[in-house]
Amino acid sequence: MYNLIMENKWAILIILEFFAWSATIFIFYARYKMQSQFWLKVASTILVLTGVIPQVLLGIVNFVVTEEIDLFTLTIVLLIVYGLTIGKKHIQKLDSWAQKKFSR
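Residues numbered from 1 in each chain as written. Predicted model: local features only at pLDDT ≥ 70, side-chain atom pairs only at ≥ 80, totals over all residues. Heavy atoms only, no water.

Next up on the list: the environment of Glu-17. Residue placement: Glu-17 occurs in helix α2 (residues 9–34). Separated by 30 residues in sequence, Glu-17 and Leu-47 have C-alpha atoms that sit 9.6 Å apart. Excluding anything up to four places from it in sequence, Glu-17 contacts Gln-55 and Leu-79. (Helix = DSSP H or I, 4+ residues; strand = E, 2+ residues; numbered from the N terminus. Contact = heavy atoms within 4.5 Å.)

Below you can see the structure in the form of structure tokens.
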């Protein structure tokens, strides 16, 4: 199992990022266009299950298997740092855009 994950780690990371950003857009759509608390919670759950948790676990698995901080582990760390710092500002800008776009 670890071999399969390690052989495809970059593809898995890209797919997870795609799903995470898709969930982010869906959060805004559910919040502003649908105005549904249920779908907002569903989208938020999808975001956590496709973005934060598996990416951190993927980084941990990579570190445990390789026993070093390589480019992949560094990429995961940078994604997390980005999300906790300037990524918040980018999400706020995206939120403003989505509010204007979907509240028509």
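Interhelical geometry of α2 versus helix α4 (residues 71–84) gives an angle of 15° and a closest axis separation of 11 Å. By the angle between their directions, the pair α2 and α4 is classed as roughly parallel. Judged by the sense of rotation from one axis to the other, the crossing of α2 with α4 is left-handed. Note on element contacts: α4 touches α2 through Leu-71, Phe-72, Thr-75, Ile-76 and Leu-79, opposite Lys-9, Trp-10, Leu-13 and Glu-17. For the contact of α2 with α4, a count of residues per class yields six nonpolar, one polar and two charged. (Axes fitted to C-alpha atoms, helices over the stretch in contact; angles between N-to-C directions. Parallel < 35°, antiparallel > 145°, perpendicular 65-115°, else oblique. Left-handed = near helix turned anticlockwise from the far one by under 90°. Nonpolar A, V, L, I, M, F, W, Y, C, P; charged D, E, K, R; others polar.)

Our next topic: the layout of surface pockets. In this structure, the largest pocket occupies an estimated 640 Å³ of space. Lining the largest pocket are 23 residues, with Thr-24, Leu-47, Val-52, Leu-79 and Gly-83 sitting closest to its centre. In terms of residue class, the lining of the largest pocket is made up of 14 nonpolar, five polar and four charged. (1 Å grid on protein atoms, 1.4 Å probe; cavity = no way out; pocket = protein on both sides within 12 Å on 5 of 7 lines; lining within 4 Å. Points joined across faces, edges and corners; volume = space filled by probe spheres on them.)

Let us now look at α2. Taking 1.5 Å per residue, 26 residues should reach 38 Å; α2 reaches 35 Å between its end C-alpha atoms and fits that length. Buried within α2 are the following residues: Lys-9, Leu-13, Leu-16, Ala-20, Ala-23, Thr-24, Ile-27, Phe-28, Ala-30 and Tyr-32. Packed against the buried residues of α2 are α1 (2–7), α3 (37–66), α4 and α5 (86–102). Immediately downstream of α2, the backbone of Gln-35 shows phi near 50°, a positive value. (Expected span 1.5 Å × (residues − 1). Buried < 20%, exposed > 50% of the residue type's maximum accessible area, 1.4 Å probe, protein only.)

Another point: the pattern of salt bridges. For the structure on display, the rule yields two salt bridges. A salt bridge links Lys-9 to Asp-70, with the nearest nitrogen and oxygen atoms 3.6 Å apart. With Lys-9 in helix α2 and Asp-70 in the loop between α3 and α4, this residue pair connects regions lying 61 residues apart in the sequence. Residue Arg-31 pairs with Asp-95 through a salt bridge whose shortest N-O separation is 3.3 Å. With a gap of 64 residues between them, Arg-31 in helix α2 and Asp-95 in helix α5 connect regions that are remote in the sequence. On the accessibility criterion, Asp-95 (16% relative accessible area) is buried. (Salt bridge = Lys/Arg side-chain N within 4 Å of Asp/Glu carboxyl O.)

Worth remembering: the numbers are spatial, not functional.
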